[in-house]
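Residues per chain are reported as follows:
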Amino acid sequence: MFSTQGAFSGFSVNDIAAARQFYGETLGLSVTDNSMGFIELHLPSGGTVLAYPKPNHEPASYTMLNFPVADIDAAVDDLRSRGVDTNIYAGGQMPVDEKGIMRGNGPDIAWFRDPAGNVLAVIQE
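Residues numbered from 1 in each chain as written. Predicted model: local features only at pLDDT ≥ 70, side-chain atom pairs only at ≥ 80, totals over all residues. Heavy atoms only, no water.

In the nomenclature of an unreviewed UniProt entry, the protein is known as Glyoxalase of Subtercola boreus.

Regarding its fold elements, the protein presents 2 helices and 8 strands. Traced from its N-terminal end to its C-terminal end, the protein shows the element sequence β-α-β-β-β-β-α-β-β-β. Relative to the 2.2 N^0.38 estimate, which gives 14 Å for 125 residues, the radius of gyration of the protein is 15 Å and therefore close to what a compact globule would have. Over its C-alpha atoms, taken along the principal directions, the protein stretches across nearly 45 × 30 × 25 Å. Burial statistics for the protein: of 125 residues in total, 38% are counted as buried. (Helix = DSSP H or I, 4+ residues; strand = E, 2+ residues; numbered from the N terminus. Rg over C-alpha atoms; globule rule 2.2 N^0.38 Å. Buried < 20%, exposed > 50% of the residue type's maximum accessible area, 1.4 Å probe, protein only.)

What follows covers the sheet that holds strand E1 (residues 9-13). An order of E1-E4-E3-E2 is seen for the 4 strands of this open sheet, with the pairing classed as mixed. Edge positions in the sheet fall to E1 and strand E2 (30-33), since each of these pairs with one other strand and no more. Averaged over all neighbouring strand pairs, the angle between strand axes comes to 25°, with direction disregarded. Both E1 and strand E4 (residues 48-53) contribute to a ladder of 5 bridges, which runs parallel. Opposite Val13, over in E4, you have Pro53 as the bridge partner. (Pairing = 2+ DSSP bridges. Axes fitted to C-alpha atoms, helices over the stretch in contact; angles between N-to-C directions.)

This brings us to helix H2 (residues 72-81). Turning to H2, its buried residues number three or more, namely Ile72, Ala75, Val76 and Leu79. The buried residues of H2 all sit within an arc of 95° when viewed along its axis, so they share a single face. Of the residues flanking the start of H2, the one acting as N-cap is Asp71, its side-chain oxygen 3.1 Å from the backbone nitrogen of Asp73. Positive backbone phi, approximately 90°, marks Gly83, located one or two places after H2. (Arc of directions from axis to C-beta. Polar contact = N/O pair within 3.5 Å; in protein donor to acceptor, adjacent residues only side chain to side chain.)

For the rest of this paragraph, the subject is the UniProt feature "domain: VOC" (unreviewed entry) in the protein. UniProt's entry tags residues 5-125 with the feature "domain: VOC" (unreviewed entry), counted in the numbering of this structure. The span residues 5-125 shows a helical share of 17% and a strand share of 32%, and its end C-alpha atoms are spaced 27 Å apart. (UniProt positions renumbered as here; feature names shortened; annotations may be inferred.)

So, in structure tokens, the structure goes:
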């Protein structure tokens, strides 16, 4: 019988070691290896997201993981201090400011990429 219990999300990366470093060290998530050679990202909310290596990986062009934050400016400043580029849509693709934050069009949001090119975001709570 189908059950939703234990459901989880996953996404591909082209370099599992780079993903482990980025999600674990740069972003500060709890990351564990599993028996299949994949990594599991343990979210503070209790969810788990699987990242798996894929030789012909194509980056997600949509936001595949959002991080709600209480202060988007502080979060963006912190990410930038860690070497994360939060201005990936500069140049007219999206109406963003110099920090890469889109303001006043729904919740304030800033996008960035993981080492595999997948799109992530910080979003004002």
